[in-house]
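# A closer look at the structure
The primary structure of each chain is shown beneath.
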Amino acid sequence: VLYLIVGEGPNRKYLEDLAVSLNLIDNVIFTGEVPDIIDYLDLCNVFVMASREDGGIEGFGIVFLEAMARGKPVIGSRHGGVPEVISDGVSGYLVNPHDVYEIATTIIRLLSDSTAAREMGASGRKIVEFNFTTDIIAQKLLSTLNDTR
């Protein structure tokens, strides 16, 4: 397994030290800031972002939509706006972000079953195409604005 950590954050030094101490430095790549995440999404087999609410609420999780649009199965936290995006068991899985065992076994399940991963990725792509395109979001917004008048 090759684990990409894309972007920057206050925990980077801690994560680098952890990768070294666990002798996993050859399996972890820290990309730093990237101009466009799409190329990195195309590289992955599974997109995982198990954000914790103690760092603030994940308001909606647009990065999950980006991964789903690329046909990737996704794993995210069961809090904030993430459950509005991930259809648990259909486009990916929702996990307890504090349960390392649950996160690990969910990742292993997807990496071990390429058929299920591919089906979830295809389902996620359909969810984005039918619910989250720019046109559909604009229509929903206009409808909501008209309803409030």
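Use the structure listed above.
Our subject in this report is the structure included herewith. Predicted, not measured: the structure shown is a model, and the values here were computed from it.

## A word on the packing of aromatic side chains
- Applying the stated criterion across every chain yields a total of one aromatic pair.
- With centroids separated by 5.6 Å and ring planes inclined at 85°, the aromatic side chains of Phe47 and Phe64 adopt a geometry described as edge-to-face. One end of the pair, Phe47, is in strand E3 (residues 47-49); the other, Phe64, is in helix H3 (residues 62-69), with 17 residues separating them in the sequence. Considered together, Phe47 and Phe64 belong to a single accessibility category, that of buried residues.
- Cation over ring: Arg109 sits above Tyr93, and NZ or CZ is 4.6 Å from the ring centre.
- Geometry around Phe132 places Lys140 over its ring, the cationic atom sitting 5.8 Å from the centre.

## Description of the nonpolar core
- With 16 residues, the main nonpolar core has Phe47, Phe64, Met68, Val74 and Ile86 as its most contacted residues.
- The set of elements that each furnish at least two residues to this core consists of H3, helix H4 (82-85) and helix H6 (114-131).
- Top element by residues in this core is H3. It accounts for five residues.
- Not counting residues within four places of it along the chain, the set of residues in contact with Ile86 comprises Phe64, Val74, Ile75, Gly76, Ser91, Gly92, Tyr93 and Leu94.
- Val46, Ile75, Tyr93 and Ile103 belong to the second-largest nonpolar core, a separate cluster that totals eight residues.

## A look at the layout of surface pockets
- Taken as a whole, the largest pocket spans an internal volume of roughly 2,200 Å³.
- Lining the largest pocket are 46 residues, with Tyr3, Leu4, Ile5, Leu15 and Val48 sitting closest to its centre.
- Listing elements by their share of the lining of the largest pocket, those giving two or more residues are strand E1 (3-6), helix H1 (12-21), strand E2 (28-32), helix H2 (38-43), E3 and helix H5 (100-112).
- Among the residues forming the lining of the largest pocket, the class breakdown is 33 nonpolar, eight polar and five charged.
- The calculated volume of the second largest pocket comes to roughly 190 Å³.
- Cys44, Asn45, Val46, Gly71, Lys72, Pro73, Leu110, Leu111, Ser114, Ala117 and Arg118 are the residues that line the second largest pocket.
- Listed by contribution, the elements that provide at least two residues to the lining of the second largest pocket are H5 and H6.
- Here the lining of the second largest pocket takes three residues from H6, the largest share from any one element.
- Looking at the lining of the second largest pocket residue by residue, the class counts come to six nonpolar, three polar and two charged.

Criteria and thresholds
Residue numbers here run from 1 along each chain, matching the order of that chain's written sequence. Only residues with pLDDT of 70 or above have their local features reported here, since the model is predicted, and side-chain atom pairs are shown and tallied only from 80 upward, although totals for entire chains, interfaces and linings are computed over all residues. Excluded from the side-chain calculations are hydrogens and water; all other atoms, namely the structure's heavy atoms, are used. Any two of the Phe, Tyr and Trp rings considered here, Trp counted by its six-membered ring, make a pair once their centres fall within 6.5 Å; the pair's planes then place it as stacked at under 30 degrees, edge-to-face at over 60, or tilted in between. Only DSSP runs of H or I reaching four residues or more are called helices, and only runs of E reaching two or more are called strands; each is numbered from the N terminus. Note on classification: 1.4 Å probe, protein chains only; a residue is buried when its accessible area is under 20% of the maximum for its type, exposed when over 50%, partly exposed between these limits. The rule is short: NZ of Lys or CZ of Arg within 6 Å of the ring centre and within 35 degrees of the ring normal puts a charge over the ring. By nonpolar core we mean a set of buried residues, namely Ala, Val, Leu, Ile, Met, Phe, Trp, Tyr and Cys, connected to one another through side-chain atoms within 4.5 Å. Contact criterion: two residues are considered in contact whenever any of their non-hydrogen atoms come within 4.5 Å of each other. In this analysis a 1.4 Å probe is tested at points of a 1 Å grid over the protein atoms alone, and where it fits but cannot get out there is a cavity; an open set with protein on both sides within 12 Å along at least five of seven lines is a pocket; lining residues have an atom within 4 Å of a point. Grid points are joined across faces, edges and corners, and a volume is the space filled by probe spheres set on the points. Residues are grouped as follows: Ala, Val, Leu, Ile, Met, Phe, Trp, Tyr, Cys and Pro are nonpolar; Asp, Glu, Lys and Arg are charged; all remaining types, including Gly, are polar.

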